[in-house]
Amino acid sequence: MNKDTTLSRSSVDTNATPIVSMQKLNKHFGKLHVLKDVDLEVTPGEVVVIIGASGSGKSTMIRCINGLEEFQKGQLTVDGNSLSPDGKANRALQQIRTEVGMVFQQFNLFPHLSVLDNVTLSPMKVRNTPRAEATQTANRLLERVGIADQSDKYPTQLSGGQQQRVALARALAMEPRLMLFDEPTSALDPEMIGEVLDAMRELAREGMTMVIVTHEMNFAREVADRVIYIHKGEIVEQGTPEDVFDNPQNERTQSFLARVLTH
Amino acid sequence: MDITFHFNWQAAFDSIPYLLKGVPYTLLISFGGLAIGFLLGIFFGLLRISPMQWLRWPAITYIEVFRGTPVLVQVLFIFYGLPQLLGGPIDAVTAGIAAIAVNSGAYISEIVRGGVQSIERGQREAGLSLGLSRVQTFRYVIWPQAFRRMIPALGNQGIISIKDTSLFAVIGVGELVRQGQIYIATTFNALEVYMMVAIMYLIITLTLSIALRMLERKGLVGQ
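K.L.:
Is there a simple way to explain unusual backbone geometry in this structure?
P.N.:
Apart from glycine, the bulk of residues carry a negative phi angle, and the bulk of peptide bonds sit in the trans form. All names here are of chain A. The phi angle at Asp-37 is positive, at roughly 45 degrees, despite the residue not being glycine. Counting through the fold element by element, Asp-37 comes out in strand S2 (residues 32-42). At Lys-232, a position not held by glycine, the phi torsion is positive, near 45 degrees. Here Lys-232 is to be found in the loop between strand S9 (226-231) and strand S10 (234-239).

In structure tokens form, the structure reads like this:
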């Protein structure tokens, strides 16, 4: 396999202040204890990939980072902004969301807006960027993800892979310091997965800090600086891709990998 | 005995100028009431889906009271009942507009609620994740999509309310039906005149239907 991970790893400065700091985070959905004492620190420039079975809490974990999910106990600081347990919408939350981009499994593009307007909406409304400037940035980003010629179309006129790349451009338009990816290729037809992963690979190479939940194990092995395996709301193992994929220590990691890597 | 009945075309045509005097009242009460009803509907519809229970219950009360009582009773209450409270008479047209407003407002509240709730949760999450505030997310992401989905139901409510104004003949508003009744009282051409009245309602409601269909087609872009 062609592995070229040196580029993204070299950009990680492990002594820098972490951009995400999660300490003993606990979350319940009613009686269900979804996250149990989860600790996570993400260093600027780092690419962290979270793997685990469905229902293990991996999506919930990254959705806590930008406050789409509340938590009940623990501490969470994102780029210097602290979120309190059960925190309602407040200034810190707003600040975090302007600096943390997210790409969703179902794309969640705005169907009533053209591709261009999808990308320019939040820079114009949140950052008060003038339209001309926002359009220029949007066109540059759309070109970068390979959809420059589709900016007047509406999301439903694009393929799934194209929609997900627009969603990526839309998030990047806010010039985020951290990007979250929640199973970005799980809703795509197999032939479109590659184009989305390529765009993400490119982003990692440019040094973007990324936290990615995915089932694409080869991709994880290739781009991750660190792989985290989560099982029933607990981080049971983490390390470099080589450590986790080639030499897993925990037996639950071993059985999970045996199941997903054999087919 | 000769029971042959001749449809008196002349009588039908003669009634038109007289009936047309009622049309402005019908339109004024319908569209005046619906405009206010739309605002009431947005207000109570959004309260109805508030996460705060103490905001939801006034909305539920409003909707149930005005959706659960006949519009005829509502207008009689406003026209004959309220003056006892206020100590002065209420103009019949004002009473009609008020009745359509509160009645359509209750139904439109439910239309607004259904429209907003039909928007996928991911749309809200995408808006918030981009740094838009909750209000901005609603205004730029949720509402434009919800409104498009509401158009057919709003059209229905508009047509229902236009027809409901016919009931207001009973409080003496000189709208279409009332004009027809007065005209028939002197000419006795009930068949011809009520048919003309019906045709005039049809013209109004068909115009609205066509306008809404055009609006809907325009709004289908990208959906």
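K.L.:
Can you help me understand the sheet that holds S2(A) in this one?
P.N.:
Hydrogen bonds between backbone atoms are what pair the strands of a sheet, whose relative direction is either parallel or antiparallel. All names here are of chain A. The strand order S2-S1-S4-S5 describes an open sheet built from four strands, whose pairing is antiparallel. If you trace the sheet from one side to the other, it starts and ends with S2 and strand S5 (81-83), each paired once. The mean angle between the axes of side-by-side strands here comes to 25 degrees, regardless of whether they run parallel or antiparallel. Of the pairings in the sheet, the one linking strand S1 (residues 20-29) to S2 comprises seven bridges and is antiparallel in character. Note that in S2 the partner of Met-22 across the bridge is Leu-40. Against the sheet, helix H2 (residues 58-65) engages S1, S2, strand S4 (73-78) and S5, with an angle of about 120 degrees to S1.

K.L.:
So what exactly am I meant to see when it comes to the side chain of Ser104(B) here?
P.N.:
Residues and elements named next belong to chain B. Checked against the element boundaries, Ser-104 lands in helix H5 (residues 92-117). We classify Ser-104 as buried; its relative accessible area is 0%. The residues contacting Ser-104, other than those within four sequence positions of it, are Gly-33, Leu-34, Gly-37, Gln-157 and Ser-161.

K.L.:
What exactly am I supposed to notice about the sheet that holds strand S3 (residues 47-51) of chain A here?
P.N.:
Residues and elements named next belong to chain A. The strand order across the open sheet built from six strands is S6-S7-S8-S3-S9-S10, with neighbouring strands paired in mixed fashion. Edge strands, defined here as strands with exactly one partner in the open sheet, are strand S6 (100-103) and S10. Neighbour-to-neighbour, the strand axes of the sheet open up by a mean angle of 20 degrees, direction not taken into account. Pairing of strand S7 (residues 178-182) with strand S8 (residues 210-213), which is carried by four bridges, proceeds in the parallel orientation. Paired with Phe-181 across the bridge in S8 is Ile-212. Strands in contact with helix H6 (residues 160-172) are S6 and S7; relative to S6, the strand with the most contacts, it is inclined by about 170 degrees.

About the thresholds
By convention here, each chain's residues receive numbers from 1 onward along its written sequence. Labels follow written order: the first chain is A, the first ligand is 1, and so on. Per-residue local features of the predicted model are confined to residues with pLDDT of at least 70, and side-chain atom pairs are confined, for both listing and counting, to 80 or more; whole-chain, interface and lining totals are unaffected and use all residues. Based on all heavy atoms of the structure, the side-chain values leave hydrogens and waters out of the count. Think of it this way: any DSSP run of H or I at least four residues long counts as a helix, any run of E at least two long counts as a strand, and we number them from the N terminus. A pair of strands counts as paired when DSSP detects no fewer than two bridges linking them. Fitted lines through C-alpha atoms serve as axes, helices being fitted only where they are in contact, and the angles separating the N-to-C directions of these axes extend from 0 to 180 degrees. By definition, residues are in contact when any of their heavy atoms lie within 4.5 Å. For each residue, the accessible area found with a 1.4 Å probe, counting protein chains only, is set against the maximum for its type, and the residue is called buried under 20%, exposed over 50%, and partly exposed in between.

By themselves, these figures tell us nothing about what the structure is for.
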